[in-house]
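One-letter residues, chain by chain:
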Amino acid sequence: MKDRKIIAIVILAISFLQMTIVAVRYFQSAANLSNPLIPESLLTGIRNFSIAMVVIYAFVVFLNVFYLLTRKLFWPVVILSMLILCSAAYFNFDIHDYFISNAVN
């Protein structure tokens with residue numbers, strides 16, 4: 001049982017760290033993109049991408065907090081969390097391209 005708790009805490013920390021990194025990058029880019037020549041639609045795409053990624057990582061945080069509080073469904077929570085984290089990492093460019101290309105068009 002202690003091993004499961006440690007695994008859930010590690011996944012929780014990784015997803016919380018990723019969520020923080022995405023949020024900090026958004027605030028840095030928002031400060032740097034205050035140029036009036038940059039179209040508003042591009043800024044909207046960057047904002048939507050950042051919000052989507054934060055929501056994805058927040059869902060993983062929620063799953064692991066659920067396990068830590070209830071001590072139920074360890075394997076589904078871990079498998080789903082790992083699938084979400086791996087998918088977010090693997091399809092990060094595609095998700096970014098989707099939001100930016102739809103914002104510009």
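K.L.:
Can you walk me through the overall build of the protein in this structure?
P.N.:
A count of helical and extended segments in the protein gives four helices and zero strands. Listing every helix and strand of the protein by position from the N terminus yields α-α-α-α. Taken over C-alpha atoms, the radius of gyration comes to 16 Å for the protein, far larger than the 13 Å a tight globule of 105 residues would show. Seen along its three principal axes, the alpha-carbon backbone of the protein occupies a region of about 55 × 25 × 20 Å. Residues classed as buried in the protein amount to 25% of the 105 residues present.

K.L.:
Looking at this structure, I do not really get helix α3 (residues 74-90). What am I missing?
P.N.:
The terminal C-alpha atoms of α3, which comprises 17 residues, lie 24 Å apart, in line with the 24 Å expected from a rise of 1.5 Å per residue. Of the residues making up α3, those classed as buried are F74, V77, V78, S81, I84, L85 and A88. Buried residues in α3, looked at end-on, bunch into an arc of 135°, giving them a common side. Structural note: α3 exposes W75, L83 and Y90 on the side pointing more than 90 degrees away from its buried face.

K.L.:
Looking at this model, I keep getting lost on a nonpolar patch on the surface. Mind explaining?
P.N.:
A cluster of nonpolar residues, F59, F62, F66, L73 and L80, forms a patch on the protein surface that exposes about 480 Å² of accessible area. Examining the composition of the nonpolar patch, we find that three residues originate from one element, helix α2 (residues 40-70), more than from any other. With respect to the helices and strands, the residue F62 is situated in helix α2.

Criteria and cut-off values
Along every chain, residues carry numbers that run from 1 in the direction the sequence is written. In keeping with the model being predicted, local features are shown solely for residues with a pLDDT of at least 70 and side-chain atom pairs are shown and tallied solely at 80 or more, while totals for entire chains, interfaces and linings include all residues. The basis for every side-chain value is the complete set of non-hydrogen atoms in the structure, without hydrogens or water. A run of H or I in DSSP counts as a helix once it spans at least four residues, and a run of E counts as a strand once it spans at least two, with each numbered from the N terminus. The atom set for the radius of gyration is the C-alpha atoms, and the globule formula is 2.2 Å times the number of residues raised to the power 0.38. Accessible area is worked out with a 1.4 Å probe on protein chains only. A residue is then buried under 20% of its type maximum, exposed over 50%, and partly exposed in between. Given the number of residues in a helix, its expected span is that number minus one, multiplied by 1.5 Å. Taking the helix axis as origin, the arc is that swept by the directions to the C-beta atoms. Here a patch means residues that are over 30% exposed by relative accessible area and free of salt bridges, tied together within 9 Å if like-charged and within 5 Å if nonpolar (Val, Leu, Ile, Met, Phe, Trp, Tyr). Computed with a 1.4 Å probe, the accessible areas rest on the Shrake-Rupley method; for each residue, only the protein chains presented here act as cover. Put simply, a salt bridge is a Lys or Arg side-chain nitrogen that is within 4 Å of an Asp or Glu carboxyl oxygen.

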